[in-house]
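# Structural overview
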Amino acid sequence: VTITTRLLVSHLSGIRHYEKDITKVKEEKEKTNRALKLTKSNQDKEQKDKEGKGIEKTDCVKQKKEHDSETKSRNSKPGRNNKEFEQEEYYLKEKFESVIESLKIFKNDPLFFKPGSQFLYSTYGFTLLSAVVERASGQKFTDYMLKMFRDLDMLSTVLDDNEAMIYNRARCYIYNKKGRLVNAPYVDNSYKWAGGGFLSSVGDLLKFGNALLYSYQAGQFKNRNDKLLPGYLKPGTVAMMWTPVPKTEVSWDRDGKYAMAWAVVEKNQQYGCCRQQRHYASHTGGAVGASSVLLILPEELDPEALGTWPVAPPRGVIVTIICNMQSVSLNSTALKIAREFDKEKRAQ
């Protein structure tokens, strides 16, 4: 078989994640698919009921349903039912000196499927991707990334190195089996720098989001007297990264597809005066004792007005949340925040 870097970055490589048993992975996928079908079936039934009765639920009933749902969400403790964090490899304590050395964890394991045929989120796929970067650049992956973070002015983004004294490093927490809040266990993330081995701040992630959004939009603005600097990446590169890849899926957003290291939702509206999907890109992060999200909602630019606007990119809303608690779902919260700010901007 052939595994390309494009397959790695879109999680189509067939390389396993933390679960080594392919049977368990298939069972979990089937369970998820059944739940999604059941949800869709219930939604279709509700829609038919509304059409049959010729009435719609009142705002009062809607608000009660939403309130009950939010209350249930608030009262459920995060990190108690996430089976993924039961995998032993999340809690490795071994120190790896290089990304090449860390490949030994999975390099002799069989592929779960033919590369390109199915989607399976794989942190180890990104470990292999970091080895590709290392060989292509001729530098240690960690050195290469820290240089890139410096270019992006992300000076608070560093390796999650246990030995180093890192100013303002946060303590991380989990719920134990008894439901009590405790300190997260000691782990060494040197086996997965690319898939979850960096520490950052909300300010730095905001800079990262702005740099990407600027790069994405820079080609759409007329460059007056060469005053507009080029983006860190070419506009076409970011557009490619934010284009859905066939056969992929996203666990944290039903409307989304996976692209290249990003989950994306495309602009879509099927019926007039009905539900609209705005184009946005996001990614969540989960580690032992921590959760995060970065969401980028680009502004819908008017091509006719771009030449006259006294403004420059980036144009849109960027939301980033970092939480020192394990298994906290943050994407929907980030999307709600982004939509509120977007609505406020449109009203101005």
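First, a word on scope: everything that follows refers to the structure included in this document. Just so you know, these numbers come straight off a predicted model, no measurement behind them.

With that settled, the discussion passes to the overall build of the chain. Along the backbone of the chain there are 10 helices and 9 strands. Evaluated residue by residue, the chain yields a buried proportion of 35% over its 348 residues. Counting every atom, the chain has about 21,800 Å² of accessible surface; 52% of that belongs to carbon and sulfur.

Turning our attention to the sheet that holds strand S6 (residues 263-265). Here 5 strands make up an open sheet; going across it, the order is S5-S6-S7-S8-S9 and the pairing antiparallel. Each having just a single partner strand, strand S5 (257-258) and strand S9 (316-323) make up the two edges of the open sheet. With 3 bridges joining them, S6 and strand S7 (residues 280-287) adopt antiparallel strand pairing. Each bridged residue has a counterpart across the sheet, and for Val-265 the counterpart in S7 is Tyr-280.

The residue His-11 is located in the loop between helix H1 (5-9) and helix H2 (22-53) in this model. Take His-11: its relative accessible area is 2%, and that puts it in the buried class. Only 3.0 Å separates the side chain of His-11 from the backbone nitrogen of Ser-122, close enough to count as a polar contact. Apart from the residues within four sequence positions on either side, His-11 is in contact with Gln-118, Phe-119, Leu-120, Tyr-121, Ser-122, Phe-126 and Tyr-258.

Here the focus is helix H6 (residues 141-151). Turning to H6, its buried residues number three or more, namely Phe-141, Thr-142, Met-145 and Phe-149. Projected down its long axis, H6 carries its buried residues within an arc of 95°, all on one side. Elements in contact with the buried residues of H6: helix H4 (99-102), helix H5 (123-137), strand S1 (158-159), helix H7 (193-196) and strand S4 (198-199). In the stretch just after H6, Asp-153 is the one whose phi turns positive, near 65°.

In this structure, S7 lies alongside strand S8 (residues 290-298), joined through 7 bridges in antiparallel fashion. Bridged to Ser-282 within S8 is Leu-295. Hairpin geometry of S7 and S8 is characterised by an intervening segment of 2 residues between the two adjacent antiparallel strands and by a positive phi of about 85° at Gly-289.

Let us look at the environment of Pro-230. Mapped onto the fold, Pro-230 is located in the loop between helix H8 (202-218) and helix H9 (235-241). Along the chain, Pro-230 and Ser-215 lie 15 residues apart, while their C-alpha atoms are 7.3 Å from each other.

Time to look at the packing of aromatic side chains. For the coordinates displayed, the defined rule picks out 11 aromatic pairs. Pairing Tyr-121 with Tyr-258 gives two aromatic rings, centres 6.3 Å apart and planes at 80°, and the pair type is edge-to-face. In this pair, Tyr-121 is assigned in the loop between H4 and H5 and Tyr-258 in strand S5, connecting sequence segments 137 residues apart. Given the relative accessible area of 1%, Tyr-258 is considered buried. A connected cluster of aromatic rings, assembled from ring pairs, spans Tyr-18, Phe-85, Tyr-90, Tyr-91, Phe-106, Tyr-124 and Tyr-191.

This next bit is on a negative patch on the surface. A grouping of Asp-21, Glu-27, Glu-28 and Glu-30 is seen on the molecular surface, where their side chains present a negatively charged patch. By the element assignment, Glu-27 lies in helix H2.

The step from Pro-313 to Pro-314 runs through a cis peptide bond, and the omega angle for that step is 5°. Tracing the backbone shows Pro-314 in the loop between S8 and S9. With phi around 65°, Asp-153 is a residue other than glycine that occupies positive phi space. Take Asp-153: it is sitting in the loop between H6 and S1. Judged by its relative accessible area of 39%, Asp-153 falls in the partly exposed class. Its identity is not glycine, yet Asn-168 carries a phi of approximately 65°, on the positive side. The topology assignment puts Asn-168 in the loop between S1 and strand S2 (173-175). For Asn-168, a relative accessible area of 66% translates into the label exposed.

Glancing now at the environment of Leu-120. Along the chain, the position of Leu-120 falls in the loop between H4 and H5. By relative accessible area, which is 12% here, Leu-120 ends up buried. The contact partners of Leu-120, leaving out residues within four places of it in the chain, are His-11, Ile-15, Arg-16, His-17, Val-25, Phe-112 and Phe-113.

Assignment of secondary structure puts Gly-116 in the loop between H4 and H5. Remark: the alpha-carbon pair of Gly-116 and Thr-2, spanning 114 residues in sequence, is separated by 9.2 Å. When sequence neighbours within four positions are dropped, the list of residues in contact with Gly-116 reads Leu-7, Leu-12 and Lys-247.

With that settled, consider a nonpolar patch on the surface. Together, Val-1, Ile-3 and Leu-111 make up an exposed nonpolar region whose accessible area comes to about 260 Å². Tracing the chain through its elements places Ile-3 in the segment before H1. A residue is classified by how much of its surface remains accessible, and Ile-3, at 31% relative accessible area, is partly exposed.

Cut-offs applied
- Residues numbered from 1 in each chain as written.
- Predicted model: local features only at pLDDT ≥ 70, side-chain atom pairs only at ≥ 80, totals over all residues.
- Heavy atoms only, no water.
- Helix = DSSP H or I, 4+ residues; strand = E, 2+ residues; numbered from the N terminus.
- Buried < 20%, exposed > 50% of the residue type's maximum accessible area, 1.4 Å probe, protein only.
- Areas by Shrake-Rupley, 256 points an atom, 1.4 Å probe, with all protein chains shown as cover.
- Pairing = 2+ DSSP bridges.
- Polar contact = N/O pair within 3.5 Å; in protein donor to acceptor, adjacent residues only side chain to side chain.
- Contact = heavy atoms within 4.5 Å.
- Arc of directions from axis to C-beta.
- Phe/Tyr/Trp six-rings, centres within 6.5 Å; stacked < 30°, edge-to-face > 60°.
- Patch = residues over 30% accessible without salt bridge, like charges linked within 9 Å, V, L, I, M, F, W, Y side chains within 5 Å.
- Salt bridge = Lys/Arg side-chain N within 4 Å of Asp/Glu carboxyl O.
- Lys, Arg positive; Asp, Glu negative; His and termini not counted.
- Charge placed at Lys NZ, Arg CZ, Asp CG, Glu CD.

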